[in-house]
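Take a look at the letters that make up each chain.
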Amino acid sequence: MTSRLRTALGGFVHSIFGTWTAPPWARWVGGHLGHAGSVATANPRRSALVATALAAVIVGSVYGYRWYESRPKPVETTFAVANPPRTAIENEEDPQPLVVTFDRPAAPLGTTGKPVSAGLTLNPALEGTWSWRDDKTLLFTPKADWPVGEEYSVRLGKEAFASQVTLKESRLTFFTAPFAAKVSRAQFYQDPTNPAAKKAVFDVNFSHPVNGPELEKHIALKLAGQ
């Protein structure tokens, strides 16, 4: 390219894009690339060896990654947790267990129907018994009734499972039934001969037993908006 042509081309580019100054990082990269080019020109054999080694590392990394991805992956066992329901003590029922269901057999051989003595840690601690109902179903039955509205976590240790089992997760969380109250019926009455005499009767159902006399001390009836 002649000097006159370079000058004309430079003027054309300047008329379109204006004056542009490369940022510091671009100047730094350009300088180092220029230096690398000079070194490569001065030492072609060494540069060829470096380029060959770099290419070998890149190719080896690609094939190594593909080999790793093609290896058989361990089959991971998953589970589903069923929170224990409220205990119907009004029917004199026993507490229902926590139920953990696995998607494939997970119990060690010969442990169905037997207590699990190791590998399972409940937090907060609660007295009870772990057992396998079948090879896919793990139960925890509390000794007393479940506390109301509590959150629990369980660490699943390898000792509680068959040796070939690989769990996708080693911890689970569950919740006990919360306390709830519901007005099931409301009746209002006004004396036809005395408009100031008014009464209201409410039936309130609670999810758990309550102390009646103590509850009455904390009940108040107010008009909406007051």
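All values reported here derive from a predicted model rather than from experimental measurement.

Draft legend 1. Quick peek at the overall build of the chain. Helix and strand content of the chain: 4 helices and 11 strands. When the 226 residues of the chain are sorted by exposure, 19% land in the buried category. Across the chain, every contact between residues at least 6 apart in sequence was considered, and the portion connecting residues at least 24 apart equals 56%. Accessible surface, the chain: about 17,300 Å² in total, of which carbon and sulfur atoms supply 59%.

Draft legend 2. Summary view of the sheet that holds strand β2 (residues 79-82). One open sheet holds the 4 strands; their spatial order is β2-β3-β6-β5, and the pairing between them is antiparallel. Pairing within the sheet leaves two strands with one partner each, and these edge strands are β2 and β5 (128-134). Shown here is a sheet whose adjacent strand axes are inclined to one another by a mean of 20°, direction ignored. Bridge analysis of β2 against strand β3 (residues 98-102) gives 4 bridges, and the strand direction is antiparallel. Note that in β3 the partner of alanine 80 across the bridge is threonine 101.

Draft legend 3. Local environment of a nonpolar patch on the surface. On the surface, Val183, Phe188, Phe202, Val204 and Leu221 cluster together into a nonpolar patch covering about 520 Å² of accessible area. Where the nonpolar patch is concerned, the elements lending two or more residues are β10 (181-190) and β11 (198-206). Inspection of the secondary structure puts phenylalanine 188 in strand β10. Residue classification places phenylalanine 188 among the exposed residues on the basis of a relative accessible area of 65%.

Draft legend 4. Quick look at the sheet that holds strand β9 (residues 171-175). Read from one edge of the open sheet, 3 strands run β4-β7-β9, paired in antiparallel fashion. Whereas interior strands pair on both sides, the edge strands pair on one side only; in this sheet they are β4 (120-123) and β9. Recorded for the sheet is a direction-independent mean angle of 20° between the axes of neighbouring strands. As paired strands, β4 and strand β7 (residues 151-156) are joined by 4 bridges and run antiparallel to one another. In the strand pairing of β7, leucine 120 is matched with leucine 156.

Draft legend 5. Quick peek at the environment of leucine 120. Counting through the fold element by element, leucine 120 comes out in strand β4. As for leucine 120 and alanine 160, which are separated by 40 residues in sequence, their C-alpha atoms are 6.7 Å apart.

Draft legend 6. Seen up close, the side chain of serine 153. Mapped onto the elements of the fold, serine 153 is located in strand β7. Among the residues examined, serine 153 registers a relative accessible area of 16% and is labelled buried. If we ignore the near neighbours within four places in the chain, the residues touching serine 153 are Thr121, Leu122, Asn123, Arg171, Leu172 and Thr173.

Draft legend 7. Here's a closer look at the pattern of salt bridges. Throughout the structure, instances matching the rule amount to 4 salt bridges. Between glutamate 127 and lysine 143 there is a salt bridge, and its shortest N-O distance comes to 3.3 Å. Taken together, the positions of glutamate 127 in the loop between β4 and β5 and lysine 143 in the loop between β6 (137-142) and β7 put the pair 16 residues apart, joining distant regions of the chain. Its relative accessible area of 55% is what places glutamate 127 among the exposed residues. Judged by its relative accessible area of 64%, lysine 143 is exposed. Where lysine 217 meets glutamate 214, a salt bridge forms, and the shortest distance between an N and an O atom there is 3.6 Å.

Draft legend 8. Up close: the environment of threonine 78. With respect to the secondary-structure elements, threonine 78 resides in the loop between β1 (76-77) and β2. With sequence-adjacent residues up to four places away left out, threonine 78 is seen in contact with Thr101, Phe102, Asp103 and Lys168.

Parameters at a glance
- Residues numbered from 1 in each chain as written.
- Predicted model: local features only at pLDDT ≥ 70, side-chain atom pairs only at ≥ 80, totals over all residues.
- Heavy atoms only, no water.
- Helix = DSSP H or I, 4+ residues; strand = E, 2+ residues; numbered from the N terminus.
- Buried < 20%, exposed > 50% of the residue type's maximum accessible area, 1.4 Å probe, protein only.
- Contact = heavy atoms within 4.5 Å.
- Areas by Shrake-Rupley, 256 points an atom, 1.4 Å probe, with all protein chains shown as cover.
- Pairing = 2+ DSSP bridges.
- Axes fitted to C-alpha atoms, helices over the stretch in contact; angles between N-to-C directions.
- Patch = residues over 30% accessible without salt bridge, like charges linked within 9 Å, V, L, I, M, F, W, Y side chains within 5 Å.
- Salt bridge = Lys/Arg side-chain N within 4 Å of Asp/Glu carboxyl O.

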